[in-house]
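Structural overview
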Amino acid sequence: MREKALPLILDGDPGHDDAIAWLLAESASRMDQSLAIRAVTTVGGNVTLDKTTYNARRVMTLLGMTEVPIAAGAAHPLTSELMNAPSVHGESGLDGPVLPEPEVETQPVSAVSLMAEVIRESDEPVTIVSTGPLTNTAALLLAHPERAVAVRAFCDKLIPVLVRRGPDGIHGHLGDPAPVAPPVEQFRAVDVAAEDDG
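Positions within a chain are numbered from 1, following the residues in the order the chain's sequence is written. Totals for whole chains, interfaces and linings use all residues, but because this is a predicted model, local features are given only for residues with pLDDT of at least 70 and pairs of side-chain atoms are given and counted only at 80 or more. Excluding hydrogens and water, the side-chain figures rest on all heavy atoms present in the structure.

Re the overall build of the chain
Scanning the chain from N- to C-terminus turns up six helices and seven strands. A run of H or I in DSSP counts as a helix once it spans at least four residues, and a run of E counts as a strand once it spans at least two, with each numbered from the N terminus. Along the chain, helices (α) and strands (β) appear in the sequence β-α-β-α-β-α-α-β-α-β-β-β-α when read from the amino end. We call a residue buried when its accessible area falls under 20% of the maximum for its residue type, exposed when it is over 50%, and partly exposed in between, using a 1.4 Å probe and counting protein chains only. Counting only residues that meet the buried cut, the chain has 51% of its 198 residues in that class. Contact definition: two residues touch when any of their heavy atoms are within 4.5 Å. For the chain, the share of sequence-separated contacts (at least 6 apart) that also reach a separation of at least 24 residues comes to 76%. Note that accessible areas follow from Shrake-Rupley with a 1.4 Å probe, and for residues the cover is restricted to the protein chains shown. Of the roughly 9,400 Å² of accessible surface on the chain, a fraction of 55% belongs to carbon and sulfur atoms.

Focus: the packing of helix α1 (residues 16–31) against helix α2 (residues 49–63)
Between α1 and α2, the shortest axis-to-axis distance is 11 Å and the interhelical angle comes to 35 degrees. For the crossing formed where α1 meets α2, the hand is right-handed. Taking contact as the criterion, the partners of Ala19, Trp22, Leu23 and Glu26 in α1 are, on α2, Ala56, Val59 and Leu63. Grouping the amino acids of the contact of α1 with α2 by side-chain chemistry returns six nonpolar, no polar and one charged. For helices, the fitted line uses only the C-alpha atoms of the stretch in contact; every axis is such a line through C-alpha atoms, and the angle between N-to-C directions lies from 0 to 180 degrees. The sense of a crossing depends on the near helix, which, turned anticlockwise from the far helix by less than a right angle, makes the crossing left-handed and, turned clockwise, makes it right-handed. Nonpolar residues are Ala, Val, Leu, Ile, Met, Phe, Trp, Tyr, Cys and Pro. Charged residues are Asp, Glu, Lys and Arg, and all others, Gly as well, are polar.

Concerning the confidence of the model for the chain
Counting all residues, the mean pLDDT for the chain is 77, and 73% of those residues have values of 70 or more. Confidence scores per residue from the predictor, reported as pLDDT, run from 0 to 100. Here strand β6 (residues 163–166) is the element of the chain with the lowest mean pLDDT, 32, and strand β3 (residues 70–72) is the one with the highest, 98.

Quick look at the side chain of glutamate 26
Counting through the fold element by element, glutamate 26 comes out in helix α1. Excluding residues within four positions of it along the chain, glutamate 26 makes contact with Ile37, Leu63 and Met65.

Some thoughts on the pairing of strand β2 (residues 35–42)
Of all eight residues that make up β2, six are buried, and the element is covered over most of its length. Taken together, strand β1 (residues 6–12), α1 and β2 constitute a β-α-β crossover, and its handedness is right-handed. Pairing of β2 with β3 involves three bridges; the strand directions are parallel. Looking at β3, one finds that valine 40 is bridged to isoleucine 70. The handedness of a crossover follows from its direction of travel: if, with the strands pointing away from the viewer, the path from the first strand over the helix to the second runs clockwise, the crossover is right-handed. Note on pairing: two strands pair once DSSP finds at least 2 bridges between them.

Have a look at this one:
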């Protein structure tokens, strides 16, 4: 077990898959304190941003994450059109389960601002667990390239991305994209890291 809880930012477009991932993260943070959820950020992806943010607030309420700050992020990709998946997750993005009305309000800041604040205030690197398009992470790296030294970013369904500080700067690792995931913003965060690498 880690001596300190691993600080996380949950970034996603809920989505049933996001909801399950967040359930597991919240359970680990509560049961053995191995994870510490510092913030939740949303992005347009499975459905539009207004729906993903509403869904995130409902999931957070269900899981008792009412003290965790949440901020809405990018409504669409940086360089292309948004591709929704209502045929997978339903028109709401979370069709099926009955969820409570949200008891969590969004912060009056952008996802990028909230991410940067969490990273700045953390004593150790923050892991961004991205279960949706990487638009918010790419926007964070564009707006705050100095923050990349304190961020490790993982994307569970598009591509694995590891942003780390090496002896000669920032490096990105690009794996094979999952064939079932829509190509919304899977390459942009890596592109940003590569551009900064010189």
